[in-house]
Amino acid sequence: MDSSARILEALAQIKSRDIDPSEGRLFTYIYETGIEELRELARKAYSMFLETNALDPTVFKSALFFEKEIVSHAKRLMNAGPDVVGTATYGGTESIMLAVKAARWVYRKGSRADWVPEVIVPLTGHPSIRKAAHYLNMRVTEVPVDPETKKVDVEALKEKVSTRTALIVVSAPNFPYGTIDPVRDVAEYAADKGVLVHVDACVGGFILPYFEKMGIDVPLYDFRVEGVTSISLDAHKYGYTPKGVSVVLFKGEELKKGTIFVDLKWPGYPLINTTVLSSRSVAPLAGAWSVINYLGEHGYIDLARRVVRARDELLAGLRRLGFNNLAPVESPLLSLGLDDEMELFKYHAGMSLKGWVIGLQPKVEGVAPYNIHLTVMPVHEKVVDQYLRDSEEVMRSPPPRELVEALEAIERDPLSLAERIGETPLDAIIIAKILESIPGEFADEIARQLTVEVFK
Ligand SMILES: Cc1ncc(COP(=O)(O)O)c(C=O)c1O
């Protein structure tokens with residue numbers, strides 16, 4: 001047996017290679033306040049409940065307590081009535097999986113038991129929706145978005161609704177462009193046709209309510225809209241809780257019943273699962289409960305203000321440098337383009353080499369050119385000036401040598417740099433260029449193969 005001191009030393013060493021989110025250099029993947037006291041509280045709460053298990057809430061009372069509290073909070077945020085019930089999950093993907101499963105359950109009742117039901121998804125819908133349909137053996141029908149607003153094309157969507165449709169999913173907001181789909185128009189039509197509507201508010205659910213409280217106009221997307229039948233919202237995004245907490249809310253108990261897996265007949269314990277996972281730690285729920293109570297309404301409004309301030313300063317500064325926003329700004333997410341594609345790569349590469357982690361989104365025919373994506377968080381307020389100074393310097397400089405060499409290598413052989421993925425700050429560009437040069441089906445297969453290799 002090794003000593004715990006030595007293992008802790010090794011852990012510190014391993015951790016030192018990770019970016020510290022509190023520095024504000026990440027503009028994607030995380031949701032960070034930068035408040036050290038809050039991080040410390042979450043860590044303590046997490047470790048206090050590390051050994052506590054949500055497998056059977058009759059055994060660990062804390063599991064039930066935290067889940068009920070967090071779901072009640074989510075219901076208040078989404079203006080839910082008493083007919084709304086919910087489940088705490090481990091993340092947005094799991095919440096969406098349950099929403100899709102609930103829709104399949106309702107659809108298959110009665111005469112349509114053997115049909116393959118269909119989920120209608122806008123182009124901008126998060127891949128977790130397709131993943132859920134894939135796991136649940138359902139069909140996906142994609143609907144285009146309006147090239148200007150980047151919101152789902154409602155007329156095109158209406159044409160796709162049929163007797164096969166079990167669910168329509170819309171986003172508040174969608175991840176790539178940050179716009180909120182016209183939930184009211186979609187839900188009104190869907191209600192008329194008897195089709196369920198899920199709102200993916202995984203990103204927006206914990207911040208848009210505070211935008212409203214600040215007096216910002218937010219298009220209606222929650223249970224105030226007649227016809228919305230389920231909503232997913234992630235505490236571990238703009239709720240700023242440790243990873244592992246999302247909520248899915250259902251209008252009516254029947255939908256929730258459709259998500260519960262029961263096996264009372266096997267020889268072991270009576271199994272009743274409300275989530276995809278069975279044994280799961282209560283730690284994330286304890287962390288979330290603590291963060292939600294620590295911040296309270298005032299804390300969340302204050303953080304939403306910081307997000308808006310940082311977002312607007314970033315937007316104004318980047319516009320001065322020639323960037324244009326690709327969609328109306330309705331959320332904390334920005335997608336920005338430049339007229340010249342090479343300039344955009346130069347910018348992304350230059351900023352990456354300076355240690356900033358920003359999203360790079362692909363061009364989509366008729367919708368958007370290559371663009372950068374910024375998920376703006378409260379922690380960014382303190383780095384806006386530095387970010388913009390670095391941006392200016394990068395824009396004034398010639399393309400970095402590393403970029404030119406990487407693009408030339410990919411031009412010669414698209415896979416020549418594949419083995420270096422994970423080792424250079426230019427990963428995002430290398431991956432984007434590889435994907436651009438390899439057609440869809442092949443790319444998927446290569447991605448699977450490379451992933452197997454990476455984890456070996
Ligand atoms: C709009 C949207 N929905 C769902 C998800 C999935 O969330 P998770 O990564 O927690 O599974 C994401 C993740 O970024 C998202 O942006």
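1. Looking at the sheet that holds strand β2 (residues 118–122)
Right, on to step 1. Reading across from one edge, β1-β7-β6-β5-β4-β2-β3 is the order of the seven strands in this open sheet, with mixed pairing throughout. Both edges of this open sheet fall to β1 (84–89) and β3 (139–143), since each of them pairs with a single strand only. Neighbour-to-neighbour, the strand axes of this sheet turn through a mean angle of 20°, independent of strand direction.
Right, on to step 2. By the bridge criterion, six bridges tie β1 to strand β7 (residues 246–251) in an arrangement that is antiparallel. Its bridge partner being in β7, A88 is matched across the sheet by V247.

2. With respect to the site of the ligand
Right, on to step 1. G91, G92, T93, H126, S128, S171, F175, D200, C202, V203, D234 and S246 make up every residue found near the ligand.
Right, on to step 2. Tallied by class, the residues present in the shell around the ligand amount to three nonpolar, seven polar and two charged.

3. Overview of the sheet that holds strand β11 (residues 333–337)
Right, on to step 1. Taken in spatial order, the four strands make up an open sheet running β10-β11-β13-β12, and their pairing is antiparallel. A single partner strand is all that each edge strand has here, and the edge strands are β10 (324–325) and β12 (359–361).

4. Things to note about the nonpolar core
Within soluble globular proteins, side chains that are nonpolar generally end up buried alongside one another.
Right, on to step 1. Counting residues in hydrophobic clusters, the biggest one holds 126 residues, and the most contacted among them are I70, V100, V119, I168, V197 and L285.
Right, on to step 2. Among the elements that make up this core, the one with the highest residue count is helix α10 (residues 283–320) (14 residues).
Right, on to step 3. The residue makeup of this core includes at least three contributed by each of domain 1 (45–291) and domain 2 (302–454).
Right, on to step 4. Ignoring sequence-local partners within four residues, the contact set of I168 consists of I120, L157, V186, A190, V195 and V197.

5. Focus on the domain arrangement of the protein chain
Right, on to step 1. Taken as a whole, the protein chain is organised into domain 1 (45–291) and domain 2 (302–454).
Right, on to step 2. The C-alpha centroid of domain 2 is placed 29 Å from the C-alpha centroid of domain 1.
Right, on to step 3. With 18 residues of domain 1 at the contact, the number on the domain 2 side is 17 residues.
Right, on to step 4. Here the residues of the side of domain 1 that touches domain 2 sort into 13 nonpolar, four polar and one charged.

6. Quick look at the pairing of strand β13 (residues 371–375)
Regular strands show a simple pattern: their side chains alternate between the two faces of the sheet.
Right, on to step 1. The buried fraction of β13 amounts to four of the five residues, a majority that puts the element mostly inside the structure.
Right, on to step 2. Here β11 runs beside β13; their pairing, made up of four bridges, is antiparallel. If you follow S335 over to β13, its bridge partner there is H373.

Cut-offs applied
- Residues numbered from 1 in each chain as written.
- Predicted model: local features only at pLDDT ≥ 70, side-chain atom pairs only at ≥ 80, totals over all residues.
- Pairing = 2+ DSSP bridges.
- Helix = DSSP H or I, 4+ residues; strand = E, 2+ residues; numbered from the N terminus.
- Axes fitted to C-alpha atoms, helices over the stretch in contact; angles between N-to-C directions.
- Near = placed C-beta within 6 Å.
- Nonpolar A, V, L, I, M, F, W, Y, C, P; charged D, E, K, R; others polar.
- Core = buried A, V, L, I, M, F, W, Y, C linked by C-beta atoms within 7 Å.
- Buried ≥ 20, exposed ≤ 12 C-beta atoms within 10 Å, placed from the backbone.
- Domains from an automatic or database assignment.
- Contact = placed C-beta atoms within 7 Å.

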